[in-house]
Amino acid sequence: EKGGYEHFMIKEIYEQSKAVRETMSARIAKDDSAIVMDELKWNKEFLNSIRKIFIVACGTAYHAGFVGKYYIEKLARIPVEVDIASEFRYRSPIIDDRTLTIVISQSGETSDTLAALKEAKRLGSKTLAVTNVVGSSIAREADQVVYTWAGPEIAVASTKAYTTQLIMMFMLSLYMSEIKKTIEKDYTKHLIGALRQVPSQIHEILEDVEPIKTFAQKYGFNEDVFFIGRSLDYAVALEGSLKLKEISYIHAEAYAAGELKHGTLALIIEGVPVIALATQESVYEKTLSNIKEVKARDAVVIGIALANDDQIEKYVDHIIKVPTTDELLAPLLAVVPLQLLAYYAAITRGCDVDKPRNLAKSVTVE
Ligand code: M6R
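The name given to the protein chain in an unreviewed UniProt entry is Glutamine--fructose-6-phosphate aminotransferase [isomerizing], with the source organism recorded as Selenobaculum gibii. The protein chain has a UniProt comment under Subcellular location (unreviewed entry) that states "Cytoplasm".

As structure tokens, then:
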């Protein structure tokens with residue numbers, strides 16, 4: 001059932017190219033001019049009336065929500081708050097009938113996410129579930145549901161669920177932007193064109209994993225690793241750090257690069273690995289100056305950058321490049337080397353990749 005792979009996790013990492021293609025299929029208009037969401041039964045007036053969106057989830061799905069916030073705010077210009085489900089359900093959020101609550105859950109069974117969904121409904125919010133499992137509790141409870149079509153995810157560490165959730169959040173944002181008329185048609189077309197490239201670009205990354213394997217073997221025995229990035233790179237850093245912790249048991253922290261000076265820089269000493277994500281054009285120079293800061297403390301920096309970046313080599317010790325794409329879609333590519341890094345670090349340390357200690361695939365208790 002592992003299809004020749006040693007673990008479900010690596011199988012699922014490799015399935016991502018196909019999985020994201022499935023998520024997109026039938027949801028893009030033939031001429032690439034718009035996103036089609038036939039499954040959403042809301043009328044345009046309702047979507048136009050939304051004044052506030054909450055995105056609520058746990059773990060990796062929460063990190064996908066983080067990316068979703070950037071997408072919705074940038075493209076559809078609706079204010080978004082992202083919440084961890086176990087916080088949201090107990091913190092009396094301010095909700096009315098012009099609020100939309102989006103819950104994201106691979107399994108559709110996570111107890112806190114389900115409870116948060118019920119709480120949002122009770123307070124009068126409209127609800128939308130983004131899930132992978134048809135007929136799951138969360139799918140049944142929400143007013144509307146969109147499926148990610150990633151196929152079954154067995155490994156405890158979530159991989160293809162995350163990338164398909166990102167695709168879904170991106171498409172939802174474009175769909176909302178069309179209704180709200182917040183972006184130009186040409187920009188929509190450009191983004192859809194870039195979206196269509198993502199499956200083959202993921203495939204391209206997976207064709208050569210040797211350099212990542214080598215880093216994992218080299219740094220796999222360090223006890224602390226830092227991930228830094230700005231904007232969407234920060235969101236990806238959070239996910240990369242969770243992946244590493246959960247399966248390799250290495251202490252990992254993700255930091256918004258601009259926050260380093262406010263505390264964490266004290267921990268950056270000679271030889272500490274820092275994974276620096278630098279795929280976001282709009283904050284690129286700022287990220288470079290943060291990379292210089294950690295280099296000045298003799299950290300070992302592994303940069304993750306786009307293929308067309310010809311500067312970064314000068315500032316980092318090692319570099320992993322991913323295919324060039326629009327900065328909004330870069331998380332889909334940048335996360336893949338981080339998943340692989342976590343996987344090979346766990347292998348190097350002899351950890352049980354598919355069943356990390358103390359964790360379960362589906363968290364159905366509080
Ligand atoms: O099924 P869900 O998406 O609701 O699960 C949420 C989290 O439990 C899950 O993403 C968890 O953080 C993973 N083990 C991360 O790899």
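There is more to say, and it comes next.
K.L.:
Is there a simple way to think about the packing of helix 8 (residues 160–180) against helix 13 (residues 330–348) in this case?
P.N.:
Two quantities define a packed helix pair, namely the angle between the helix axes and the distance between the axes. Interhelical geometry of helix 8 versus helix 13 gives an angle of 170° and a closest axis separation of 10 Å. Relative to helix 13, the element helix 8 is oriented roughly antiparallel. Residue-level contacts link Y162, T163, L166 and I167 of helix 8 to P331, L332 and V335 of helix 13. When the residues that make up the contact of helix 8 with helix 13 are grouped by side-chain class, the tally is 6 nonpolar, 1 polar and no charged.

K.L.:
Where do I start with the UniProt feature "domain: SIS" (unreviewed entry) in the protein chain in this structure?
P.N.:
What UniProt calls "domain: SIS" (unreviewed entry) maps, in this numbering, to residues 47–171 and 225–348. The span residues 47–171 is 43% helix and 22% strand, and its two end C-alpha atoms sit 15 Å from each other. Structurally, residues 225–348 is divided into 40% helix and 23% strand, and its ends, taken at the C-alpha atoms, are 15 Å apart.

K.L.:
Just checking my understanding: could you explain the site of the ligand for this structure?
P.N.:
Taken together, the neighbourhood of the ligand is formed by 13 residues, with S105, Q106, S107, T110 and E246 sitting nearest. The contact in question runs from an oxygen atom of the ligand to an N or O atom on the backbone of Q106, over 2.6 Å. Between the ligand and K243, the relevant distance is 2.9 Å, taken from an oxygen atom to a side-chain nitrogen or oxygen of the residue. Burial of the ligand by the protein chains amounts to 90% of its free accessible area of 410 Å². Within the residue set of the shell around the ligand, elements represented by two or more residues are helix 4 (59–76) and helix 11 (232–248). When residues in the shell around the ligand are grouped by element, the largest group, 3 residues, is from helix 4.

K.L.:
Whenever I open this one, the pattern of salt bridges confuses me. Can you help?
P.N.:
Any two side chains of opposite charge can pair, so long as their charged atoms come close to each other. A full pass over the atoms with the stated rule returns 20 salt bridges. In this structure, K160 and E15 form a salt bridge, with 2.7 Å as the shortest nitrogen-oxygen distance. Of the two residues, K160 sits in helix 8 while E15 sits in the loop between helix 1 (8–14) and helix 2 (16–24), which places them 145 residues apart along the sequence. The class of K160 is buried, set by a relative accessible area of 3%. Classification of E15 by relative accessible area gives partly exposed; the value is 24%. With a shortest N-O distance of 2.5 Å, R91 and D83 are connected by a salt bridge.

K.L.:
Whenever I open this one, the layout of surface pockets confuses me. Can you help?
P.N.:
Rolled over the atoms, a probe as big as a water molecule pinpoints where empty space is left. Approximately 560 Å³ is the volume attributed to the largest pocket. Around the largest pocket, the lining comprises 23 residues; the ones closest to its centre are C58, G59, T60, K361 and V363. Elements with a contribution of two residues or more to the lining of the largest pocket: helix 4, strand 3 (99–105), helix 6 (111–122) and helix 11. Looking at the lining of the largest pocket residue by residue, the classes come out as 9 nonpolar, 10 polar and 4 charged. Lining the second largest pocket are S33, A34, L174, S177, E178, K181, T182, I183, E184, K185, T188 and K189. Looking at the lining of the second largest pocket, the elements that each hand over two or more residues are helix 8 and helix 9 (185–207). Residues of the lining of the second largest pocket, tallied by class, amount to 3 nonpolar, 4 polar and 5 charged.

K.L.:
I'm lost on the pairing of strand 7 (residues 251–256) in this one. Help?
P.N.:
One face of the sheet, then the other: side chains in a regular strand alternate in exactly this way. Pairing of strand 6 (residues 224–229) with strand 7 involves 6 bridges; the strand directions are parallel. When the bridges of strand 7 are listed, G229 appears paired with A256. The parallel pair strand 6 and strand 7, bridged by helix 11, forms a crossover whose chirality is right-handed.

K.L.:
It is not clear to me how helix 12 (residues 284–296) should be interpreted in this structure. Could you clarify?
P.N.:
Because the α-helix completes a turn every 3.6 residues, residues three or four places apart line up on one side. For helix 12, spanning 13 residues, the distance from its first C-alpha to its last is 18 Å, which sits close to the expected 18 Å at 1.5 Å a residue. Residues of helix 12 that are buried include every one of Y284, T287, L288, N290, I291, E293 and V294, and no others. Buried positions along helix 12 lie against strand 8 (273–278) and strand 9 (300–306). Positive phi appears at D298, one or two residues downstream of helix 12, with a value of about 65°.

K.L.:
Teacher, can you tell me more about the nonpolar core here?
P.N.:
The tendency in soluble globular proteins is for nonpolar side chains to be buried as a group. One finds I53, I72 and I102 to be the most contacted residues of the largest nonpolar core, which totals 101 residues. Ranked by residue count, the leading element in this core is helix 13, at 14 residues. Setting aside residues up to four positions removed in sequence, I72 forms contacts with I53, I55, R77, I78, V80, I102, M169, S173 and M176. Judged by nonpolar contacts, the second largest core, of 19 residues, contains F226, A278, Y284 and L288.

K.L.:
Where do I start with the sheet that holds strand 3 in this structure?
P.N.:
Backbone hydrogen bonds are what pair the strands of a sheet, in a parallel or an antiparallel way. The strand order across the open sheet built from 5 strands is 2-1-3-4-5, with neighbouring strands paired in parallel fashion. The open sheet has two edge strands, strand 2 (80–84) and strand 5 (144–147), and neither has a second partner. Across the sheet, the mean angle separating the axes of adjacent strands is 20° when strand polarity is ignored. Examined bridge by bridge, strand 1 (residues 52–57) and strand 2 share 5 bridges and lie parallel to one another. Residue pairing across strands places A57 opposite I84, the latter belonging to strand 2. Across the face of the sheet, helix 4 comes into contact with strand 1, strand 2 and strand 3 while running at roughly 175° to strand 2. In the packing of helix 6 onto the sheet, the strands contacted are strand 1, strand 3 and strand 4 (126–131), and the crossing angle to strand 3 comes to about 170°.

Rules of the game
- Residues numbered from 1 in each chain as written.
- Predicted model: local features only at pLDDT ≥ 70, side-chain atom pairs only at ≥ 80, totals over all residues.
- Heavy atoms only, no water.
- UniProt positions renumbered as here; feature names shortened; annotations may be inferred.
- Axes fitted to C-alpha atoms, helices over the stretch in contact; angles between N-to-C directions.
- Helix = DSSP H or I, 4+ residues; strand = E, 2+ residues; numbered from the N terminus.
- Parallel < 35°, antiparallel > 145°, perpendicular 65-115°, else oblique.
- Contact = heavy atoms within 4.5 Å.
- Nonpolar A, V, L, I, M, F, W, Y, C, P; charged D, E, K, R; others polar.
- Near = heavy atom within 4 Å.
- Polar contact = N/O pair within 3.5 Å; in protein donor to acceptor, adjacent residues only side chain to side chain.
- Areas by Shrake-Rupley, 256 points an atom, 1.4 Å probe, with all protein chains shown as cover.
- Salt bridge = Lys/Arg side-chain N within 4 Å of Asp/Glu carboxyl O.
- Buried < 20%, exposed > 50% of the residue type's maximum accessible area, 1.4 Å probe, protein only.
- 1 Å grid on protein atoms, 1.4 Å probe; cavity = no way out; pocket = protein on both sides within 12 Å on 5 of 7 lines; lining within 4 Å.
- Points joined across faces, edges and corners; volume = space filled by probe spheres on them.
- Pairing = 2+ DSSP bridges.
- Right-handed = clockwise from strand over helix to strand, strands pointing away.
- Expected span 1.5 Å × (residues − 1).
- Core = buried A, V, L, I, M, F, W, Y, C linked by side-chain atoms within 4.5 Å.

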